[in-house]
Number of protein chains: 2
Amino acid sequence: MGTLTVGEVARESGVSGSAIRFYEREGLIAATRTSGNQRRFESDAACRVRVARVAQRIGLSVGEIRDLLAALPLEPDLADWQTLHDRLTAEAERRIAELHAALDDIRSGRRLCDL
Amino acid sequence: MGTLTVGEVARESGVSGSAIRFYEREGLIAATRTSGNQRRFESDAACRVRVARVAQRIGLSVGEIRDLLAALPLEPDLADWQTLHDRLTAEAERRIAELHAALDDIRSGRRLCDL
DNA sequence: CTAAAACTGAAACAATTGTTGAAGTCAAGC
DNA sequence: GCTTGACTTCAACAATTGTTTCAGTTTTAG
């Protein structure tokens, strides 16, 4: 009950088992191993995977998400969540700004060829 | 003088020769062939490649850009440019809206795990 | 005509984000 | 203790967007 298998994390987070293994390989989530070499995750794993999917919606790469989650302790306090929150927000706004810049260029009146 | 080689299109459009060949393979730009099988592009090719790069900034895939450029005749009139313009703009706005939706979710007050 | 520069296709490589399949191992219930 | 479902690793595959390298061909300038 204290720990979760790959399949349980997969179900709880709505991601496939192969993706869960991939995320563990990539360092997004940590696992211990049973004596028989099976992964066991702490109960926060599904939460972290969900955070990862939110970050993917924003457009972060797996490497960026790894770094993001690295700053999130096992039992995050409010400040930890706030930090994560702020980083995701900043990144989203940065990407929105990039798109706005592209839009401005498109609308600049110059021919598209000259951008 | 009426046609351009790969290298000339590359220089005029600021992308590499290998990318130019790739774009031709993928149908973004059209080429005729010399008797010696070398590509020759019409003078609009560099322009189309530039449009493609703008579209990439917006986030369109090569396939989407192919479709976009397919609607652009060899000598586009104002309406053709307007159509292209409108599609790019709409696509940019769509992606901006997606990011705003993600931002709204992040700011919804729910825990990130519950998104 | 010849030498150099640019071109050719084909294939391998690269990073990214996983999925699929095979063969074998572990864990849980009965 | 046996069966069954879930797990393991490893490798191959997939799509995307090109780059690199090879050996060979064409074009162009002189």
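Just above sits the structure.
First things first, this report covers the structure right here in the doc. Since we're looking at a predicted model, the values are computed, not measured.

How each quantity is defined
Residues numbered from 1 in each chain as written. Chains lettered and ligands numbered in written order. Predicted model: local features only at pLDDT ≥ 70, side-chain atom pairs only at ≥ 80, totals over all residues. Heavy atoms only, no water. Helix = DSSP H or I, 4+ residues; strand = E, 2+ residues; numbered from the N terminus. Rg over C-alpha atoms; globule rule 2.2 N^0.38 Å. Buried < 20%, exposed > 50% of the residue type's maximum accessible area, 1.4 Å probe, protein only. Contact = heavy atoms within 4.5 Å. Pairing = 2+ DSSP bridges. Buried area = accessible area lost by both parts, 1.4 Å probe. Salt bridge = Lys/Arg side-chain N within 4 Å of Asp/Glu carboxyl O. Polar contact = N/O pair within 3.5 Å; in protein donor to acceptor, adjacent residues only side chain to side chain. Nonpolar A, V, L, I, M, F, W, Y, C, P; charged D, E, K, R; others polar. Near = heavy atom within 4 Å. Axes fitted to C-alpha atoms, helices over the stretch in contact; angles between N-to-C directions. Parallel < 35°, antiparallel > 145°, perpendicular 65-115°, else oblique. Left-handed = near helix turned anticlockwise from the far one by under 90°.

1. Regarding the overall build of chain A
The helix and strand tally for chain A stands at five helices and three strands. Put simply, chain A runs from its N terminus to its C terminus through helices and strands in the order β-α-α-β-β-α-α-α. What you see for chain A is a C-alpha radius of gyration of 19 Å, clearly larger than the 13 Å of a compact globule of 115 residues, by over 25%. The dimensions of chain A, computed from C-alpha atoms along their principal axes, are 65 × 30 × 20 Å. Expressed as a percentage of its 115 residues, the buried residues of chain A come to 38%. Pairs at least 24 residues apart make up 52% of the contacts formed inside chain A by residues separated by at least 6 positions.

2. Quick word on the sheet that holds strand 1 (residues 3–4) of chain B
Taken in spatial order, the three strands of this open sheet run 1-3-2 (chain B), and their pairing is antiparallel. A strand with exactly one partner marks an edge of an open sheet, and here the two such strands are strand 1 and strand 2 (32–33) of chain B.

3. Focus: the interface of chain A and chain B
On the chain B side, the residues contacting the 26 residues of chain A number 26 residues. Surface buried jointly by chain A and chain B totals about 2,500 Å² across both partners, of which 74% is contributed by carbon and sulfur atoms. It is Leu99(A), Leu112(A) and Cys113(A) that lose the most area in chain A upon contact with chain B, and together they represent 25% of the buried surface on that side. Our count for the chain A to chain B interface comes out at four salt bridges. With a shortest N-O distance of 2.8 Å, Asp105(B) and Arg57(A) are connected by a salt bridge. One can count eight residue pairs in polar contact (both at pLDDT 80 or more) joining chain A with chain B. For the side of chain A that touches chain B, the elements supplying multiple residues, two or more each, are helix 3 (45–58) and helix 5 (78–106) of chain A. Broken down by class, the residue content of the side of chain A that touches chain B amounts to 17 nonpolar, three polar and six charged.

4. Structural notes on the pattern of salt bridges
Enumeration over the complete set of coordinates arrives at 24 salt bridges over all chains. One salt bridge connects Glu24(A) with Arg39(A), and the closest N-O pair in it is separated by 2.8 Å. Linking Glu24(A) in helix 2 (residues 17–25) with Arg39(A) in strand 3 (residues 39–42), this pair joins segments that are 15 residues apart in sequence. Taken individually, Glu24(A) and Arg39(A) each receive the classification buried, so the pair is uniform in this respect. The salt bridge involving Glu91(B) is made with Arg95(B); its shortest N-O contact spans 2.9 Å. Of the two residues, Glu91(B) and Arg95(B) are both situated in helix 5 (residues 78–106); the distance of four residues between them amounts to about one turn of the helix. Accessibility expressed as a relative area gives 19% for Arg95(B), which makes it buried. Three or more residues are tied together by salt bridges with common partners; here these are Glu64(A), Glu91(A), Arg94(A), Arg95(A) and Glu98(A).

5. Focus: the protein's contact with DNA strand D
The environment of DNA strand D is formed by 19 residues, the closest being Gly7(A), Arg39(A), Ser16(B), Ser18(B) and Gln56(B). Note that a phosphate oxygen of DNA strand D is positioned 3.0 Å from one of the side-chain N or O atoms of Arg33(A). For the surface near DNA strand D, the secondary-structure elements that each account for two or more residues are helix 1 (6–13) of chain A together with helix 2 (17–25) of chain B. If you tally residues by element for the surface near DNA strand D, the top one is helix 2 of chain B, at four residues. Along the lines of polarity and charge, the residues of the surface near DNA strand D split into five nonpolar, eleven polar and three charged.

6. Quick word on the sheet that holds strand 2 (residues 32–33) of chain A
The three strands lie next to each other as 1-3-2 (chain A), forming an open sheet whose pairing is antiparallel. Both edges of this open sheet fall to strand 1 (3–4) and strand 2 of chain A, since each of them pairs with a single strand only.

7. Considering the side chain of Thr89(A)
Checked against the element boundaries, Thr89(A) lands in helix 5. With sequence-adjacent residues up to four places away left out, Thr89(A) is seen in contact with Leu103(B), Ile106(B) and Arg107(B).

8. Concerning the packing of helix 1 (residues 6–13) of chain B against helix 3 (residues 45–58) of chain B
Residue and element names in this part refer to chain B. Viewed as axis vectors pointing N to C, helix 1 and helix 3 meet at an angle of 50°, and their least axial separation amounts to 9 Å. Compared by their axis directions, helix 1 and helix 3 come out oblique. Note that helix 1 runs across helix 3; the crossing there is right-handed. Of the residues in helix 3, those touching helix 1 at Val9, Glu12 and Ser13 are Ala45, Ala46, Val49 and Arg50. Considering only residue class, the contact of helix 1 with helix 3 consists of four nonpolar, one polar and two charged.

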